[in-house]
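Each chain, written out:
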Amino acid sequence: MTLSSPADVRERLAAVDYLADDAIATTVYLAAALGKPLLVEGPAGVGKTELAKAVASITDARLVRLQCYEGLDEARALYEWNYKKQLLRIQAAGDQSWSATHDDIFSEEFLLERPLLTAIRRTDPTVLLIDEIDKADVEVEGLLLEVLSDFQVTIPELGTITAARRPIVVLTSNATRELSEALKRRCLYLHLDYPSPERERDIVRARVPGIDETLAARLAQVVAVLRELELKKPPSIAETVDWARTLLALGLDRLDGEAIAATLGVVLKHHSDQERARKEVVAGDAAAR
Amino acid sequence: MALLDRHLGFVAALREAGLPVSLAEGLDAVHALAAIDLAERESLRAAYAATLVKRQASREAFDTLFDLWFPPVTGSPEEARERPAYGDPEVRRLRDELSRLLLDGDDDLLRAFARQAVGTYGRGSGGGAGESRWFSYQVLRTLSPETLMAGLLTAVLTERGGLDEKVARRTFTRRVERFERLVAEDVRRRIAEDGGAEKAARGAVRRPLDEVDFLRATRADLAAIRREIHPLARRLAARLAHRRRHGRRGRLDFRRTVRASLSTGGVPLTTHHRPPRPHKPELVVLCDASDSVSSFAHFTLLLTYALREQFARVRAFAFIDDLDEITRFFAPGADVVEAMTRMTREARLVWISGHSDYGRAFGVFEDRYADAVTPKTSLLILGDARSNYGSLNLETVERLAGRARHAYWLNPEPVRDWDTGDSAASAYGAVVPMRECRNLTQLADFVESLA
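Residues numbered from 1 in each chain as written. Chains lettered and ligands numbered in written order. Predicted model: local features only at pLDDT ≥ 70, side-chain atom pairs only at ≥ 80, totals over all residues. Heavy atoms only, no water.

1. Notes on the sheet that holds strand 3 (residues 282–288) of chain B
Residue and element names in this part refer to chain B. To keep things clear, this is the line we draw: Two strands make a pair as long as DSSP finds a minimum of two bridges between them. Runs of H or I in DSSP of at least four residues are treated as helices and runs of E of at least two as strands, each being numbered from the N terminus. In this analysis, axes come from line fits to C-alpha atoms, helices being fitted only over the stretch in contact, and the angle between any two N-to-C directions falls in the range 0 to 180 degrees. In what follows, a contact means two residues having at least one pair of non-hydrogen atoms within 4.5 Å.
Across the sheet, which stays open at both edges, the six strands sit in the order 5-4-3-6-7-8 with mixed pairing between neighbours. Each edge of the sheet is formed by a strand with only one pairing partner; in this case those strands are strand 5 (323–325) and strand 8 (434–436). Within this sheet the neighbouring strands show an average axis-to-axis angle of 20°, counted without direction. As paired strands, strand 4 (residues 313–319) and strand 5 are joined by three bridges and run antiparallel to one another. When the sheet's bridge partners are listed, Phe319 is paired in strand 5 with Leu323. Where helix 15 (residues 358–369) meets the sheet, its contacts fall on strand 3, strand 4, strand 5, strand 6 (377–382) and strand 7 (406–411), and the angle it forms with strand 5 comes to roughly 45°. Contacts between helix 18 (residues 440–450) and the sheet are confined to strand 3, strand 6, strand 7 and strand 8, with strand 7 contributing the most and set at about 175° to the helix.

2. Let's talk about the interface of chain A and chain B
So the rule is basically this: Put simply, buried area is the surface a 1.4 Å probe can reach on two separate parts but cannot reach once they are joined, added for both. In what follows, salt bridge is the name for a side-chain nitrogen of Lys or Arg lying within 4 Å of a carboxyl oxygen of Asp or Glu. Each polar contact in these results corresponds to two N or O atoms within 3.5 Å; when the atoms are within protein, one needs to be able to donate a hydrogen and the other to accept it, and residues that are neighboring in sequence are counted only if both atoms are side-chain atoms. Residue polarity is assigned by list, with Asp, Glu, Lys and Arg as charged and Ala, Val, Leu, Ile, Met, Phe, Trp, Tyr, Cys and Pro as nonpolar; anything else, Gly included, falls into the polar class.
Listed per partner, the contact involves 43 residues of chain A and 43 residues of chain B. Both faces considered, chain A and chain B share a buried interface measuring about 3700 Å² in area, 54% of it formed by carbon and sulfur atoms. When residues of chain A are sorted by the area they lose upon contact with chain B, Tyr189, Glu228 and Glu230 of chain A head the list and together hold 16% of the total. Counting across the chain A and chain B interface gives five salt bridges. For Arg55 of chain B, the salt bridge identified is with Glu178 of chain A, shortest N-O distance 3.6 Å. Where chain A touches chain B, the interface holds nine residue pairs in polar contact (both at pLDDT 80 or more). Listed by contribution, the elements that provide at least two residues to the side of chain A that touches chain B are helix 2 (22–34), helix 9 (181–186), strand 9 (188–191), helix 10 (197–207), helix 11 (213–228) and helix 14 (271–288) of chain A. A per-class count over the side of chain A that touches chain B returns 18 nonpolar, seven polar and 18 charged.

3. A word on unusual backbone geometry
Rule in force here: Here the term buried applies to any residue with accessible area under 20% of the maximum for its type, exposed to any over 50%, and partly exposed to those in between, with areas from a 1.4 Å probe on protein chains only.
At Asp17 of chain A, a position not held by glycine, the phi torsion is positive, near 65°. Mapped onto the fold, Asp17 of chain A is located in the loop between helix 1 (6–15) and helix 2. The phi dihedral of Asn388 of chain B falls on the positive side, at around 50°, and the residue is not glycine. Position of Asn388 of chain B relative to the elements: it lies in the loop between strand 6 and helix 16 (394–403). By relative accessible area, Asn388 of chain B is classed as partly exposed at 39%.

4. Notes on the pairing of strand 8 (residues 168–173) of chain A
Residue and element names in this part refer to chain A. Extensive coverage of strand 8 is indicated by the burial of six of its six residues. Relative to strand 8, strand 1 (residues 38–41) is paired through four bridges, and the arrangement is parallel. Within the sheet, the bridge partner assigned to Glu41 lies in strand 8 and is Ser173.

5. Focus on the pairing of strand 7 of chain B
Residue and element names in this part refer to chain B. Using the following cut-off: Handedness of a crossover is defined as follows: with both strands directed away from the viewer, a clockwise route from the first strand across the helix to the second makes it right-handed.
Strand 7 sits mainly inside the fold: five of its six residues count as buried. Pairing of strand 6 with strand 7, which is carried by five bridges, proceeds in the parallel orientation. Looking across to strand 7, one finds that Ile381 is bridged to Trp409. Since strand 6 and strand 7 lie parallel, the crossover through helix 16 that links them has a hand, and here it is right-handed. Following the backbone out of strand 7, through helix 17 (residues 425–431) and into the adjacent parallel strand 8, one traces a crossover that is right-handed.

6. With respect to the pattern of salt bridges
Any two side chains of opposite charge can pair, so long as their charged atoms come close to each other. Residues and elements named next belong to chain A. Under the definition given, this model contains 53 salt bridges over all chains. For the salt bridge of Asp131 with Arg65, the shortest nitrogen-to-oxygen distance reads 2.7 Å. Separated by 66 residues along the polypeptide, Asp131 in strand 5 (residues 126–131) and Arg65 in strand 2 (residues 62–67) bring together distant segments of the chain. For Asp131, a relative accessible area of 2% puts it in the buried group. Exposure remark for Arg65: the relative accessible area of 38% places this residue in the partly exposed category. Note that Arg121 is salt-bridged to Glu113, the shortest N-O span being 2.5 Å. Owing to a relative accessible area of 26%, Arg121 belongs among the partly exposed residues under this scheme. For Glu113, a relative accessible area of 35% translates into the label partly exposed.

7. Focus: the packing of helix 2 of chain A against helix 2 (residues 23–35) of chain B
Put simply, the rule is: For classification purposes, an angle smaller than 35 degrees is called roughly parallel, one larger than 145 roughly antiparallel, one from 65 to 115 roughly perpendicular, and anything else oblique.
Packing of helix 2 of chain A against helix 2 of chain B brings their axes to within 10 Å, and their N-to-C directions diverge by 100°. Our classification of the angle between helix 2 of chain A and helix 2 of chain B gives roughly perpendicular. The segment helix 2 of chain A lies against helix 2 of chain B, with Tyr29, Leu30, Ala33 and Leu34 of chain A engaging Asp28, His31, Ala32 and Ala35 of chain B. Grouping the constituent residues of the contact of helix 2 of chain A with helix 2 of chain B by class yields six nonpolar, one polar and one charged.

8. Comments concerning empty space enclosed by the protein
Residues and elements named next belong to chain B. Filter applied, for reference: Only protein atoms enter the 1 Å grid, on which a cavity is a set of points fitting a 1.4 Å probe that cannot get out and a pocket is an open set with protein on both sides within 12 Å along at least 5 of 7 lines, lining residues being those with an atom within 4 Å of a point. Grid points are joined across faces, edges and corners, and a volume is the space filled by probe spheres set on the points.
Counted according to the given criterion, the structure contains three cavities of 30 Å³ or more. In this model, the largest cavity occupies a volume close to 80 Å³. In terms of lining residues, the largest cavity is bounded by Pro72, Arg111, Ala114, Arg115, Leu182, Glu185, Asp186 and Arg189. Looking at the lining of the largest cavity, the elements that each hand over two or more residues are helix 6 (107–121) and helix 9 (162–195). Looking at the lining of the largest cavity, the element that brings in the most residues is helix 9, giving four residues. Broken down by class, the residue content of the lining of the largest cavity amounts to three nonpolar, no polar and five charged.

9. Details of the confidence of the model for chain A
Note the threshold: Confidence scores here are pLDDT values: one per residue, from the predictor, ranging 0 to 100.
Across chain A, the average pLDDT comes to 88, with 97% of residues at 70 or higher. The lowest-confidence element of chain A is helix 14 of chain A, averaging 74 in pLDDT; the highest-confidence one is strand 9 of chain A, averaging 95.

10. Structural notes on the packing of aromatic side chains
Residues and elements named next belong to chain B. In plain terms, the rule: Here is the rule: rings of Phe, Tyr and Trp (six-membered ring for Trp) pair when centre to centre is within 6.5 Å. Planes less than 30 degrees apart are stacked, more than 60 are edge-to-face, and the remainder are tilted.
Going through the model one piece at a time under the given rule, you end up with 25 aromatic pairs over all chains. With 6.1 Å between their ring centres and 70° between their planes, Phe362 and Trp409 make a pair best called edge-to-face. Of this pair, Phe362 sits in helix 15 while Trp409 sits in strand 7, and the two are 47 residues apart along the sequence. In this pair, the class of Phe362 matches that of Trp409, namely buried. On the basis of an interplanar angle of 35° and a centroid distance of 6.2 Å, the ring pair of Phe365 and Tyr369 is categorised as tilted. In this pair, Phe365 and Tyr369 both sit in helix 15, four residues apart, roughly one turn of the helix. What makes Tyr369 buried here is its relative accessible area of 15%.

So, in structure tokens, the structure goes:
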């Protein structure tokens, strides 16, 4: 399914419960229209990975995910030869000539596809998600350059494999380190930040069906106040949604100092952050009542 | 053609403002423009942002320039008026309207109102004949939106105090800021129309936060910088951990090597090594806590404490003309803001004058805490080396520096101000290597080299 305009993207994302603003819709549309990778950066838990999943579902594509971590290498990201199977093949060859065996063991049958190669060789619509690229080592970025600019992979024994159909590529990063200029130059850039209370309210309502509208609005505003305290880890959208679910499960229909104090652990996960929130938000409320 | 010229002018202005826009990215932007509906201004902004701005720190500069090159409206049709006196019925009417808009929170109406207000009260007199000037402070002084807060709060709250007030206060503060920004934006637009966008762009773009001078930062800047400290510490810690793992390899791990060789028929194709023992310096920080440089000392302390795991031990001392150990305020898990206030309240830093006296402070340090500095210690001194013409006590500093493994002096003043007035930068610089450390970028670079 092709995307026709930013407004179209926005509508379709809304249909899968992802509420996009102008910037998100336009950037996603451009990524699809220009066939360029999309680098999404922002603090943890603002919906970066969710965006990739939503894009996959609005384009009826399969999501191929490459989760990055320290020590990720070519063999885990791109492809690997199945050594054990090759060894068996050589042992089973018996008196077959070496050249025949040689051609045989470097063929499709012995190739283990990893996410990058899978995404490139697929002929159906694909969204390739390269998650948390900042966690991977700098060398992985070098590996990605060829894949992301030309959508091709070179395997010495098989030759160059070019994408039959360009996948939509989404890279996410928490900005724990600065990515290389070369990689950034090849990507479209989208910075996702914490949403405005109004948008967050709508997100909560979309994600937690059955929540009261005023409670959702109140929740979003309280979270916005919390984010402005100097916390070690400000609450993410995912945590706001969890908080909404918690309140719903406990049957609390209003969010006052007492309710916040009882459920603060859902949004703040550092002891000093909780202390601070208690002092600044909850205590004042108790005094006022 | 006009669009292309505008595009080129815009890209040139971005480069002038320090954004690294490459040729390829400029071309991408043109491709993007062809794919979207140009009449949609926010789409246009998003398209430019996606292709040209690859660092969030540059985003503010980008938005300012975008508003100059692609203004939402043109012309100044409003009739200019003299700034009325306080209490004028017209002003009261406008303030009432603004109040209503802030309560309502509709962005489009607020923007229209800001535009109208700038047109009416923003035109300044003076300058050459026929030259018009625009000022946002005239508009803001006339309407003084910040004084509307009390009325706004009464309008939505039944009782004051507590969480409700906090929530409401936050909402209205944001909206007032938004209004002020809209006024400034419209003023810049009109200046650009009168004198060209290039001229208006000059001076309109603020430097990104990590290049703001500590000593010249406004209160809002300081708060923003403080919020940046933790993310920065996380980035630094990640980078240091990475460097440690990939630096020098440790001794051969015989067991793991043999174990791994089993999968290759007993031939050890790859060797495995033990992780190297991390080098963790002990850190002693001596910081000048007098008013002139205290914000700098705060940031450095915050950053070193945020990176506590990277050091074997951190001890901190603060001085003005007396010196006290302040390590106790920074217990693990303690709240940093709290620690700072306790430090200024409880630590004994002032002896007589309350002006920095480096010579005496170093003397006291050697008398009381001489054992803090050992051959394993990195000694870090923070201050502007302005000792109010008092004694310098150079021999003591030299002795301390000689005993420590490394010694550094971070000076928040720009190098060109060193040795002016009562600054003893070169005198101290001769015994302890002194580095300029004016902004977050330089601070981060230094801390990374230290750990």
